Every structure is written in structure tokens, then in C-alpha cells.
Amino acid sequence: MVNQRVKPILVALALFLGLFAFGQRANAAEPNYVISTDATYAPFDFQDKNNEYIGIDQDILKEVAKRNHFTYTLKPMSFNAAAQMVANGQADGIIAGMAITDERKQVYDVSDPYYKTGVAWITKKGSKINSLSELKGKTVALKSGTAASNYGLSLQKKYGFKVKYFNDTDTMYNDVANGNSAATFEDMPVIQYAIKNGLKLEIKNPNNPGNAGAYGFFVKKGQNPQLIADFNKTLKEMKADGTYQKIVDKYLKSDQKTFTGSTEDNKTTWGILKSNKTAFFNGLVETIELTVFAIILASLWGILLGTMGVSQSKFLRGLSNTIIYAFRGLPLMVLAFFIYIGLPGVIGTKIPAFTAGLLTLILNEGAYTGAFVRGGFEAVDRGQMEAAQSLGLPYGKAMSKVIIPQGLKIMVPSFVNQFIITLKDTSILSAIGILELTQTGTLIVARNSQGFRVWAIIGIMYMIVITLLTWLSNWLEKRLNK
Amino acid sequence: MSEEKQVKVHVDKVNKSYGDNHVLRDISLDVMANEVVVMIGPSGSGKSTFLRMLNQLEMPNSGLVEVDGYDISDPKTNINKVRENIGMVFQNFNLFNNYTVLENITLAPVQLGKMTKEEADKRGRELLATVGLSDKADVSVNSLSGGQKQRIAIARALAMNPDIMLFDEPTSALDPEMVGDVLDVMKDLAKSGMTMIIVTHEMGFAKQVADRVVFFESGKIQESGTPEEVFNAPKNERLQTFLSKVMQA
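Rules behind the numbers
- Residues numbered from 1 in each chain as written.
- Chains lettered and ligands numbered in written order.
- Predicted model: local features only at pLDDT ≥ 70, side-chain atom pairs only at ≥ 80, totals over all residues.
- Heavy atoms only, no water.
- Contact = heavy atoms within 4.5 Å.
- Buried area = accessible area lost by both parts, 1.4 Å probe.
- Salt bridge = Lys/Arg side-chain N within 4 Å of Asp/Glu carboxyl O.
- Helix = DSSP H or I, 4+ residues; strand = E, 2+ residues; numbered from the N terminus.
- Phe/Tyr/Trp six-rings, centres within 6.5 Å; stacked < 30°, edge-to-face > 60°.
- Buried < 20%, exposed > 50% of the residue type's maximum accessible area, 1.4 Å probe, protein only.
- Pairing = 2+ DSSP bridges.
- Patch = residues over 30% accessible without salt bridge, like charges linked within 9 Å, V, L, I, M, F, W, Y side chains within 5 Å.
- Areas by Shrake-Rupley, 256 points an atom, 1.4 Å probe, with all protein chains shown as cover.
- Lys, Arg positive; Asp, Glu negative; His and termini not counted.
- Charge placed at Lys NZ, Arg CZ, Asp CG, Glu CD.
- UniProt positions renumbered as here; feature names shortened; annotations may be inferred.
- Axes fitted to C-alpha atoms, helices over the stretch in contact; angles between N-to-C directions.
- Expected span 1.5 Å × (residues − 1).
- Left-handed = near helix turned anticlockwise from the far one by under 90°.
- Nonpolar A, V, L, I, M, F, W, Y, C, P; charged D, E, K, R; others polar.

**Student:** Explain the interface of chain B and chain A to me, and be specific about the residues and the numbers.
**Tutor:** Taken together, the contact between chain B and chain A spans 22 residues of the former and 18 residues of the latter. Buried surface at the junction of chain B and chain A, both sides included, amounts to about 1,700 Å², of which 56% is carbon and sulfur. For chain B, the biggest contributors to the area lost against chain A are Phe96(B), Asn98(B) and Gln111(B); these three give 28% of the whole. At the boundary of chain B with chain A, the tally comes to one salt bridge. If you list the elements that add at least two residues to the side of chain B that touches chain A, you get α2 (79–83), β6 (86–89), α3 (101–111) and α5 (146–158) of chain B.

Next comes the structure, spelled out in C-alpha cells:
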């Protein structure tokens, strides 16, 4: 009896450990570093028309790796998450147009500066706002965690504007271009590139950048001194042999079409679809994979939790209640950050983004599933259990033959609902850099600034998958009710 | 060795309360093999709770309950084994909604390894014939009337070949015209020598079928005796009041 109750828990535990085990990376002969980066920071870091990560940062990094004989795994995500990855030991280094500040030196070791920069303040093209004091009472868009945003924030008191935070550069730009925010602060070369790329914004202090500084390559304080040394050595060589200048010119002097594709490809819906078909397809596959695995595993986990919730053992009931309470209460994104960025620092093992995302979905969706599974079992008339028991059927048989089949039938609509929620929730995992549909959209918009068309395409793709999922569910429901 | 002397149910000084509500007070009762005991009394008098204690759907707070020689007031007793020999029929039928009529009857014997699927099917059809519902074997239980459901419930309980049958107000949820069919099945069962303990409000049926009538009131057995003694010459005042009320109706 005890064995039968413990077995499912052991299986679940084994599954958990298995997922962590996947995270273990085999050691190769050449050192392999994990380098995190911002995915939407042209011309330093962005995706080109072939969905390769390119930019000044990326070309420098590639050269450093080549000359020092190491390999690296690139982890593109939002800037804030990318920086935290390094601070928590999930990644070895970050190159993301990251400005060198005293504050950052407390947490990171930094390379020699590789690019001089300053902060621009920017409004919509043709805006009548011409001085910072005119921003009083207006909203300023800032990107969380960046040096430019800190600079903007330092001016907030003086000029009396309100602040609104964004996670990626492109959404922030569009908020200003659309007139939702009056202005934004951004690093000079980044905004210059974006404007050259067709964004309808205007720099107000082109010759007078604020808080002039420089970008550096960062590692966690005290870790990876070799990586910093390699970077500095190669940077010096590249500046001497002209490679550095060639890289900078490649991005700042050449026509943007080189990287982002022809105008036609970017300005029509069909063009966007055609030129990004591989990216859309891969994003869709990733979304579907996440959804399918999450639906299956979260359902199993939820059924286990729900069954524990109606068991005869007070301990199992308490355990089930606690787990459901905890994971239903945690916002999905917090849980994802906790597992992906927080947990590895404690357990000392890196967790791949897909595994972390899947685990997040299982725990979160599983808790919701557990709650309605328990409710479904409780909704089965008590007389059913009494009748089964009066015939001599043991509790387990009474559950499996009488209560569970009737309970599951009651739960079918809840399951269908949960499946659709799971599909939609995968989009939240874009925050930890999983290249699913939403993250794919973010990257494409960062390149071509076609927010309306790209998000419409992504939205329709979600609708199509949800429609297929609903059909499948209805078909399943009919079969079950036969 | 005469079968009649064998004690099937032995209850000694049983008490049961839910919080402050003292439902059963020091109840003692023996039921012999082949005996038909009918329990009457006003609602809330404790007769249903008493019946449900005989197969441990309720646990007593104190006292001894022995069924078939097993002490089922002891939590260590394997109650499932004891329950296999005690059939129970509920007021609300409690047929398994996820099975057909025949599957309801064969589920327990097959699951508990008492019979093969074939044996259970054969026995199931025999029982359906006994309760007059042979044509309903393969229909869903939700398509049946209350009277039909209750007869199937009796057949389901009998499929385990129990030697004691408990009936908890088996006709209370039925339309009046259905009651007769169910009582007829129970009468046949009594005639066949089954040990039966029945909670009911059907006084006429009690008179006809009972070997002994037990009157419950306020959690106590106030009076018990043959139907003649209880119905024609009640000694207890509360029994007299109860009978005058139910006989008027």
C-alpha cells in the first residue's frame, strides 16, 4: 500500500533529476564559454536577415575566440536577464554594449574599453520639445538596467518627468515614435544606427552626448580572469592591425540593407513572411514543442497532485495543498527567472533555457491542473465511493475504477482550457531567451522596425495553433463522452 | 449444529457522536443468521448511522462491532475482506455512472478476483433475471427509472455472494408506483434465507417480512420484538406516539 503511494512521487522525482542532468555539459578539449548578450541592440548585437547574431560586439567576440582558441555558446536575451546571468554564474561573460560604470565594477570584472559612447536624448521626429526642461510632467521611456537609463533617471528630479520601463530597445523606440512617451535616453551609436535604419526619431544632443563613457566586456568578479586577459590582448592586436576599424566601419558605414535585407522584404507583409520564413517556422516549432511537452508533463504532474489532494493520508493532502498554493501563487515569469537565473547559483549546475522553461511550465500549469483535478474528484458524488467500498473494493481500486474515470470526465473542459493557457504562457518564456514565437517576433522587429506587421503575423500564428488545439480537444472530448 | 443459532452481527455498547451530537448511545444488538431485522424510527434517530457502522462506512467512538466473527471496530481488521461478505443497498442507489448495468454488477467480483469475466457475466445475467431486468444488461444506468436502479443495485450487491445484506431506506427515494417492485425483490431474498438488516419507513413491509422489529429513537433502541409485539402491543410510549403518527398517514 505504502509502496503504491510512494511510487508516483519517486517517478516524479526521477523526472526532475533527469531534467537537471540534461543541464550538465560535457567538457570539451577547448574551453567553451557561455556568453550572454542583448538580442536587440543594433549595431552592436542583433539578428541579421539570416537569423545570425551579428553586430560590432559579435564580430569582436568572434575574433577574440578565434585568436585565443576557445569556443562559446551565445545566449541572446533581454539585457537585464543577460547581465544577471553573468552575475549569478549562469554565463561566463557578457558582451552587450554594456557601459563601464563604477557600480558595475563592484559586481563584475571588466575588460579595457572597446567602444567610446555617450548618452543621447531622443524624441519623435519633428517633436517641438527641444530642451530637457520641456519634458516636465511628460513620460520618458527607459530600458531597464542600462547605463543610458541610469543617466536618464539621474536627470528625472531636475526636469520632473515620469518614467516608464521597457525590456527591449525596439519596443521602447516605438513607444516614443508612436507618441506614447515623449522622449527616451539611449547610447549614441545605437540610436544613430536605428534612425539610419528608418526609425522616425530625432536626436536632440548629437554633438553633446551626456555621461560620456565606454563599453566593456564583463565577467563575474573574480571569475574567468583568463577570458578578460584574452579579450584585452586581442583588442589591442585588432586595433593595431586594423581589424577593429574594419568591424566598426562594416556596421556604421555600410548600407543597412546588407544586414536587414531589401526594403521590399521588410516593408510588405508577404516580404516579411518570405524573408523570415525559417525564423517563423523555427519559432513555431519551439512554441509547439514547449507546449506539447508542457501539456503532457503538467497534466501528469497535475493529476498526481490532484490525486494526492484527495488521498486518505493527511500528509499527502497537506503536501499537495502546499505545492499547489506555492506554484499557483508565483507569477510565471518570476518562476522562470528563479529557475533559470536564480537556481543555478545555488545548485551549481547550469540549466538550459528550454529545460528551465519547461520546468517552469510544468510547475505552474501543473499547480492549476492539480487544483481542478482535486476539485473534479471532489465533485464526484460521495455515494460512488461508498458504494465501491461497500463491495469490498480497496481505496486504490475504487479511485481508479470508479472515481477517477468520472472525475476526469468532469474535468475535460478544464483541461482544454488549461492547454490553451499553456500555449499562451509559453510566450512569457521569451524573457529567458527561449527562441519561441514571441522572442522570434521581438528579434525580427528589432531588425526591421515593422512592429505592426510582424506582431500581426505572430498573433495569427498563435490563433491558428490555438484553433488546431481546440479542434483536437473537442475531438478528444467527444470520444471520452461516448 | 443448527444454522439459526449462529450470530452474524454482534454489537455491544456502541457509541457514536459528531461533535456535541450524540447519535448512538450504548447500543447493543445481535443478529442471527437467516434473520430479517427491520429498523424503524423517526428521522435522525440514529438507525442509518447504526447500519453504516456494520460495514465501517462509519466508525464507532466506543464499543464493539463484530460481523462474521471479525472485530470491525478495530482499525487493524482488513475491512475490505469483511465487506466482500456484506452487501449494501443505498437510498440513492449509487450505481456507478461510468459503467453499463451489467458492468456495474460484474465490476467488484472481477476486480477482486472472485470470478473471471465470463463467470461474472453469466452470474450477472442470472441476477438481472431474478430482479426482472434481463433486457437492461447493456444500457447506461442513467437511462433507468429509480425502481429499476434500485433493483440493479440489489443485484450488484448480490453478485459478491454476500451472507449479510444491509438496506438503507431502499425505497425512500422512489416514486410510489416503483416501491412494490423493489419490495418484491427484497421479499424473495428474505424467503431465500438471506440475513438482512433493513432501515425503512414501509411499516406494512416490516410487518410482513421482519422476524424482528427494532425501534430507534434519540440514538437508543427503545423497544424490539416480533412484528406482532411491536405493531400490535407497543409498550414504549415513544413507540406508541411514533406508530400513531405513521399509521395515520
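Having seen it, we continue.
**Student:** Tell me about the packing of aromatic side chains, residues and numbers included.
**Tutor:** Residues and elements named next belong to chain A. Overall, the coordinates contain 18 aromatic pairs over all chains when judged by the stated rule. Geometrically, the ring pair formed by Phe46 and Tyr251 is edge-to-face, given 6.2 Å between the ring centres and 80 degrees between the ring planes. Residue Phe46 is located in strand β2 (residues 46–47), and its partner Tyr251 is located in helix α10 (residues 243–252); the two are separated by 205 residues in the primary sequence. Owing to a relative accessible area of 2%, Phe46 belongs among the buried residues under this scheme. Ring centres of Phe161 and Phe185 lie 6.2 Å apart, and the angle between their planes is 35 degrees; on these two criteria the pair is classed as tilted. Separated by 24 residues along the polypeptide, Phe161 in the loop between α6 (156–159) and β9 (162–166) and Phe185 in strand β10 (residues 183–187) bring together distant segments of the chain. Ring pairing ties together the aromatic residues Tyr41, Phe44, Tyr114, Tyr115, Tyr215, Phe217 and Phe231, which thus form one cluster.

**Student:** Break down the sheet that holds strand β2 (residues 21–32) of chain B for me, citing the residues and quoting the values.
**Tutor:** Residue and element names in this part refer to chain B. Spatial strand order, β2-β1-β4-β5: four strands in an open sheet with antiparallel pairing. Whereas interior strands pair on both sides, the edge strands pair on one side only; in this sheet they are β2 and β5 (70–71). Sheet topology places strand β1 (residues 7–18) next to strand β4 (residues 62–67); five bridges connect them, and they run antiparallel. Bridge pairing in β4 places Asp12 opposite Leu64.

**Student:** How would you summarise a positive patch on the surface if you had to cite specific residues and measurements?
**Tutor:** Residues and elements named next belong to chain A. A cluster of basic residues, Lys125, Lys200, Lys267 and Arg453, forms a positive patch at the surface. For Lys267, the position within the fold is in helix α12 (residues 263–267). Lys267 sits in the partly exposed class, given a relative accessible area of 42%.

**Student:** Describe the UniProt feature "transmembrane region" (unreviewed entry) in chain A, and please don't skip the residues or the numbers.
**Tutor:** All names here are of chain A. Mapped onto the present numbering, the UniProt feature "transmembrane region" (unreviewed entry) falls on residues 290–310, 322–343 and 452–472. The span residues 290–310 shows a helical share of 95% and a strand share of 0%, and its end C-alpha atoms are spaced 30 Å apart. The span residues 322–343 is 91% helix and 0% strand, and its two end C-alpha atoms sit 20 Å from each other.

**Student:** Run through the sheet that holds strand β10 (residues 220–225) of chain B, naming residues and quoting values.
**Tutor:** Pairing between the strands of a sheet is mediated by backbone hydrogen bonds and can be parallel or antiparallel. All names here are of chain B. Across the sheet, six strands lie side by side as β6-β7-β8-β3-β9-β10; this open sheet has mixed pairing. In the strand order of this sheet, the two ends are held by β6 and β10, each with one partner. Averaged over neighbouring strand pairs, the angle between their axes works out to 15 degrees when direction is ignored. Pairing between strand β3 (residues 36–40) and strand β8 (residues 195–199): four bridges, direction parallel. For Val36, the partnering residue across the bridge sits in β8 and is Met196. Taken strand by strand, helix α6 (residues 176–191) contacts β3, β7 (164–168) and β8, and its axis lies near 145 degrees from that of β8.

**Student:** Please provide a residue-by-residue account of helix α17 (residues 353–379) of chain A, values included.
**Tutor:** Because an α-helix packs 3.6 residues into every turn, residues spaced three or four apart end up facing the same way. Counted at 1.5 Å a residue, the expected span for α17(A) with its 27 residues is 39 Å, and the 38 Å between its end C-alpha atoms agrees. Counting buried residues in α17(A) gives 22 out of 27 residues, a clear majority hidden from the surface.

**Student:** Please give an account of the UniProt feature "domain: ABC transporter" (unreviewed entry) in chain B that cites residues and values.
**Tutor:** Those places that UniProt annotates as "domain: ABC transporter" (unreviewed entry) correspond, in this numbering, to residues 9–243 of chain B. From the first C-alpha to the last, residues 9–243 of chain B spans 27 Å; its make-up is 37% helix and 26% strand.

**Student:** A description of the packing of α17(A) against helix α19 (residues 395–425) of chain A should follow, citing residues and the corresponding values.
**Tutor:** Residues and elements named next belong to chain A. Running from N to C, α17 and α19 point in directions that differ by 145 degrees, and their axes come no closer than 8 Å. In terms of crossing hand, the pair formed by α17 and α19 is right-handed. Along its contact with α17, which presents Leu361, Asn364, Glu365, Tyr368, Thr369, Phe372, Val373, Gly376, Phe377 and Ala379, the element α19 presents Met399, Ile403, Ile404, Gly407, Ile410, Met411, Ser414, Phe415, Gln418, Ile421, Thr422 and Asp425. Its residues placed into classes, the contact of α17 with α19 shows 13 nonpolar, seven polar and two charged.

**Student:** Which residues make up the pairing of β8(B), and what values go with them?
**Tutor:** Residue and element names in this part refer to chain B. Within β8, five of the five residues are buried, which leaves it mostly tucked inside the rest of the structure. Burial along β8 is two-sided: Thr195, Ile197 and Val199 and Met196 and Ile198, pointing in opposite directions, are all buried. As judged from the five bridges shared by β7 and β8, these two strands associate in the parallel manner. Bridging across to β8, Met165 finds its partner in Met196.

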